[in-house]
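# Understanding the architecture of this molecule
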Amino acid sequence: MTNVLEAVELVKRFGTNTAVENVSFALRAGGSLALVGESGSGKTTVARMLVGLEEATSGKVVHEGMPTGRGTRRALARRIQMVFQDPYLSLDPRLSATDALSRVLRLHFDENSAARRARIAELLDSVNLSSREANALPRALSGGQRQRIAIARALAVEPRVLVLDEATSALDVSVQAQILTLLNRIREEREVAYVFVAHDLAVVREVCDDLLVMYRGLAVESTTPGDAIDAPRHPYTRLLVESLPRPGWDPARIADRRRELEKEIGRV
Ligand SMILES: Nc1ncnc2c1ncn2[C@@H]1O[C@H](COP(=O)(O)OP(=O)(O)O)[C@@H](O)[C@H]1O
Ligand SMILES: [Mg+2]
C-alpha cells in the first residue's frame, strides 16, 4: 500500500531544548494516524514540520514518495492542509464561509462560477452547514460551526492529508462528538488521510486506525487504539488508558500515577 506521508527520523531543537527527538511514522492513503501525548510532548511541532510551517533540525518529511524542502512548499500546500485548535484565529473575521470557500477555490482552481457555486454547496453540505450559517460572519457562529468551516476550507483544495491539531479539544463534548462523526464520514467519502493530534485517547479512538504515543519529544509506542487499551506497553500509554473515563474512575489516582511516572522516567 502506498504511503501519502512519511516522517523519517524527525528531530526539532529550539536552542538547547529538544522538542522532537527522532520521530518516524508512515501514513497510508486514506489512513488515520493519531499523535497522542500530554501538553509539551512535541505533537504540534511534529504537525508543523509535516505541513512545512517548521523546518526540521534533521530528518525529513516524505510526501507520496517525494522528500519535501523549501522549494516544494507551494506544491505541498495543496496536498496537505492543517486545521488548528482555534478556528477563530485561522478564519478571516470579515468573510462568511461561502466567501472564504469561494476565495480558496478561485486561488487553486480554474473553473467557472457555476461550477464553483456547486462545489461550495457540496463542501458546505459535507460539513453540515446550513445556508444561514454559511452566510454569517465567524463571530456570529459557535465554536463547532466555526470549526466545520475550517474543515470545509481545508477540504476545498482536495488535499491528500489533513493534519488536525487539537481540532476538537476546545469544543463541548457533544459538539466534539458531532465533529468526530463528521470526520469519519468525510474520510469514507473522500480520498483523504488524517494526522489527528490530540491529548485524549477517548477522542482518538473514535477516528483513528493507528496511534503514535509521544512523551517528551519521543515516539514511545506505535500501536492501534484497540491494542493500546487492551495491552499498553509503555508506562505513559498505560497512564493514558487509565485516564479514560469509566465506572470507578478516579481523577485523583490518575494524578498520583502521573507523578509516579515522572519519577520513574526521570530516574531512567
Ligand atoms: N517556537 C518555539 N520556540 C521555542 N520552543 C518551542 C517552540 N515551539 C514549541 N516549543 C517547545 O517545544 C516543546 C514541544 O511543544 P509542542 O510541540 O507545542 O508540544 P504539544 O503540542 O505536544 O503540547 C515544548 O517544550 C515547547 O515549549
Ligand atoms: Mg500542541
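### Details of the overall build of the chain
- In terms of helices and strands, the chain carries 12 helices and 10 strands.
- A compact globule built from 268 residues should have a C-alpha radius of gyration of about 18 Å, and the chain, at 19 Å, falls within 12% of that.
- With respect to the three principal axes, the spread of C-alpha positions in the chain is 65 × 45 × 35 Å.
- A burial count over the chain gives 38% of its 268 residues as buried.
- By sequence separation, contacts in the chain at least 24 residues apart represent 69% of the contacts at least 6 residues apart.

### Regarding helix H1 (residues 43–51)
- In terms of residue burial, H1 counts as a mostly covered element, since eight of its nine residues are buried.
- Within the span of H1, buried status applies to Lys43, Thr44, Thr45, Val46, Ala47, Met49, Leu50 and Val51.
- Just past H1, the residue glycine 52 takes up positive phi, approximately 85 degrees.

### Digging into the site of ligand 1
- Around ligand 1 sit Phe14, Asn17, Ala19, Gly37, Ser39, Gly40, Ser41, Gly42, Lys43, Thr44 and Thr45, and those are all the residues in its vicinity.
- Taken together, the elements giving at least two residues each to the shell around ligand 1 come down to strand S2 (17–28) and H1.
- Looking at which element gives the most residues to the shell around ligand 1, the answer is H1, with three residues.
- Here the residues of the shell around ligand 1 are counted per class, giving two nonpolar, eight polar and one charged.

### Here's the deal with unusual backbone geometry
- A positive phi angle, close to 55 degrees, is found at glutamate 158, a residue other than glycine.
- Mapped onto the fold, glutamate 158 is located in the loop between helix H7 (143–156) and strand S7 (161–165).
- With a phi close to 50 degrees, glutamate 166 is a non-glycine residue in the positive phi region.
- With respect to the secondary-structure elements, glutamate 166 resides in the loop between S7 and helix H8 (173–189).

### A look at the environment of alanine 118
- Relative to the helices and strands, alanine 118 resides in helix H5 (residues 113–126).
- Under the C-beta neighbour-count criterion, alanine 118 is labelled exposed, with 12 such atoms within 10 Å.
- Distance in space between the C-alpha atoms of alanine 118 and glycine 248 is 51 Å, their sequence separation being 130 residues.

The rules behind these values
- Residues numbered from 1 in each chain as written.
- Chains lettered and ligands numbered in written order.
- Predicted model: local features only at pLDDT ≥ 70, side-chain atom pairs only at ≥ 80, totals over all residues.
- Helix = DSSP H or I, 4+ residues; strand = E, 2+ residues; numbered from the N terminus.
- Rg over C-alpha atoms; globule rule 2.2 N^0.38 Å.
- Buried ≥ 20, exposed ≤ 12 C-beta atoms within 10 Å, placed from the backbone.
- Contact = placed C-beta atoms within 7 Å.
- Near = placed C-beta within 6 Å.
- Nonpolar A, V, L, I, M, F, W, Y, C, P; charged D, E, K, R; others polar.

Limitation: the analysis is restricted to geometry and does not speak to function.
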